[in-house]
Amino acid sequence: HAYCLMTNHVHLLLTPHAADACALLMKNLSQCYVQAVNQRLGRTGTLWEGRFHSSLVTSEHYVLTCYRYIDLNPVQACLVAAPGEYRWSSYAANAQGAPSGFLKAHNVYTALGSEPQSRASFYKTMCEAGIPALEVEEIRKAIRVGSAVGTRRRSRGRPSKQDEKNGVCPHFRG
């Protein structure tokens, strides 16, 4: 649904057809693509830092948040000033309606509009609005620890000052 090839890692948002499909994809990617690049460039070793991390996205809201997180990653990393300037991401397809031979829109993305251009335009507006810092941190934390994204659990005790500042209801965090 979304991708971004960074200098030392890759972000993918996909819907697997089987429970082990993501792990097999990454294994095949490592075995085929990395070997081909290394052979072509006369180098050895991995192309990306660290091991493969994955996280299940459990809410429709976070599907679109993850889309934006991925497409805005080059801007966040200060590689470009605007996401449309980065050619190694799905932003052109998702926000500008550029054709893509391999991306398949998630149902939540498709629901943004009845026509491809209206979906892209609405998604572009969402990207321009940015992502709340609390949601970015939730995505990063879920990836780090391998938990699901979009299932924030209520913390014990008093709500934190950060939660109060971000408008999180102290009685329900979901």
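The text that follows walks through the structure, step by step, so that each part is easy to find. (Residues numbered from 1 in each chain as written. Predicted model: local features only at pLDDT ≥ 70, side-chain atom pairs only at ≥ 80, totals over all residues. Heavy atoms only, no water.)

Now for the packing of helix H2 (residues 60-71) against helix H6 (residues 116-129). At a minimum axis distance of 10 Å, the contact between H2 and H6 shows a crossing angle of 70 degrees. The pairing of H2 with H6 is recorded here as roughly perpendicular in orientation. Contacts between H2 and H6 involve Leu64, Tyr67, Arg68 and Asp71 from the former and Tyr123, Met126 and Cys127 from the latter. Grouping the amino acids of the contact of H2 with H6 by side-chain chemistry returns five nonpolar, no polar and two charged. (Axes fitted to C-alpha atoms, helices over the stretch in contact; angles between N-to-C directions. Helix = DSSP H or I, 4+ residues; strand = E, 2+ residues; numbered from the N terminus. Parallel < 35°, antiparallel > 145°, perpendicular 65-115°, else oblique. Contact = heavy atoms within 4.5 Å. Nonpolar A, V, L, I, M, F, W, Y, C, P; charged D, E, K, R; others polar.)

Bringing the environment of Ala142 into the picture now. Inspection of the secondary structure assignment puts Ala142 in helix H7 (residues 133-145). The class for Ala142 is buried, based on a relative accessible area of 1%. Here the alpha-carbon distance between Ala142 and Ser54, two residues 88 residues apart in the chain, equals 8.5 Å. Residues within four places of Ala142 in sequence aside, it is in contact with Ser55, Ser147, Ala148 and Val149. (Buried < 20%, exposed > 50% of the residue type's maximum accessible area, 1.4 Å probe, protein only.)

Before going further, it helps to spend a moment on the environment of Val37. In this structure, Val37 sits in helix H1 (residues 21-41). A relative accessible area of 9% places Val37 in the buried class. In the structure, Val37 is positioned ten residues away from Leu47 in sequence and 8.6 Å away in space, judged by C-alpha atoms.

A separate point is the nonpolar core. Judged by nonpolar contacts, the single largest core of 28 residues is most densely connected at Leu64, Tyr67, Tyr109 and Tyr123. Sorting the residues of this core by element identifies strand S1 (2-5), H2, helix H4 (91-96), helix H5 (107-110), H6 and H7 as the ones contributing at least two each. Looking at this core element by element, the count peaks at seven residues for H2. Residue contacts for Tyr123: discarding those within four places in its chain leaves Tyr67, Arg68, Asp71, Asn94, Ala95, Tyr109 and Leu112. (Core = buried A, V, L, I, M, F, W, Y, C linked by side-chain atoms within 4.5 Å.)

The next subject is the pairing of strand S2 (residues 10-13). Of the pairings in the sheet, the one linking S1 to S2 comprises four bridges and is antiparallel in character. Bridge pairing in S2 links Ala2 to Leu13. The hairpin turn running from S1 into S2, its antiparallel successor, is four residues long. (Pairing = 2+ DSSP bridges.)

Quick look at the pattern of salt bridges now. Tallied over the full model, the rule gives one salt bridge. Glu137 serves as the salt-bridge partner of Arg144, at 3.1 Å between the closest nitrogen and oxygen. Classification of Arg144 by relative accessible area gives exposed; the value is 53%. Given the relative accessible area of 38%, Glu137 is considered partly exposed. (Salt bridge = Lys/Arg side-chain N within 4 Å of Asp/Glu carboxyl O.)

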